[in-house]
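Results of the structural survey
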Amino acid sequence: MQITDTIADLLTRIRNASSAKHDSVEIPASNMKKAIVQILVDEGYVRNYTVIEDGKQGIIKVNLKYGEGKTTVINGLRRVSKPGLRIYSNAEDLPKVMKGLGIAIISTSKGVMTDREARKQNMGGEVLAFIW
């Protein structure tokens, strides 16, 4: 099956597995997806992830994180920049998600990072997704 927007597929798989209260979800691997999942681990939205080599492109197994009473830690995921409409922002105009309670994932020339890191390094780039 051909997937046009792989980042939207990653976010949808995580959203669906989280709402279905699954312990983990498997996603086809790529370097961009690994960087996004690493940000989710660093920010505390998922527990951890492992990369399973299958002789092809590999699989990322993401272990989801839940709060008290199996409540989801991730309340929302939204893809911002799409293949049909790319959204770019400079360092001064980077969006704040939920007035600073969420994160925006930005693809810069120095790699994928959160909006806070991009502001700190005074870098703009493509706004990939919002997570809160």
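One can find the structure itself at the top, above this paragraph.
Overview of the structure. Since we're looking at a predicted model, the values are computed, not measured. (Residues numbered from 1 in each chain as written. Predicted model: local features only at pLDDT ≥ 70, side-chain atom pairs only at ≥ 80, totals over all residues. Heavy atoms only, no water.)

Re the nonpolar core
Formed by 25 residues in total, the largest nonpolar core has its most connected members in Ile14, Val62, Leu64, Ile74, Ile105 and Ile131. Among the secondary structure elements, those contributing two or more residues to this core are α1 (6-19), β1 (24-28), α2 (31-42), β3 (59-64), β6 (103-108) and β8 (125-131). Top contributing element to this core by residue count: α1, with five residues. With near-sequence residues (within four places) excluded, Ile14 lies in contact with Val25, Ile27, Leu40, Leu64, Ile74 and Leu77. (Core = buried A, V, L, I, M, F, W, Y, C linked by side-chain atoms within 4.5 Å. Buried < 20%, exposed > 50% of the residue type's maximum accessible area, 1.4 Å probe, protein only. Helix = DSSP H or I, 4+ residues; strand = E, 2+ residues; numbered from the N terminus. Contact = heavy atoms within 4.5 Å.)

Topic: the pattern of salt bridges
Going through the model one piece at a time under the given rule, you end up with six salt bridges. Between Glu43 and Arg116 there is a salt bridge, with the nearest N and O atoms lying 2.6 Å from each other. Of this pair, Glu43 sits in the loop between α2 and β2 (46-52) while Arg116 is found in helix α3 (residues 115-120), placing the two residues 73 residues apart along the sequence. According to the relative accessible area criterion, Glu43 is partly exposed, its value standing at 29%. In this structure Arg116 comes out as partly exposed when scored by relative accessible area, which is 41%. As a salt-bridge pair, Glu126 and Arg86 come within 3.1 Å of each other at their nearest N and O atoms. (Salt bridge = Lys/Arg side-chain N within 4 Å of Asp/Glu carboxyl O.)

Observations regarding the sheet that holds β2
Ordered by their spatial adjacency, three strands build an open sheet running β1-β3-β2, and the pairing between neighbours is antiparallel. Both edges of this open sheet fall to β1 and β2, since each of them pairs with a single strand only. Adjacent strand axes in the sheet meet at a mean angle of 20° when their direction is disregarded. For β2 and β3, the ladder comprises six bridges, and the chain directions are antiparallel. The residue of β3 that forms the bridge with Val51 is Ile60. (Pairing = 2+ DSSP bridges. Axes fitted to C-alpha atoms, helices over the stretch in contact; angles between N-to-C directions.)

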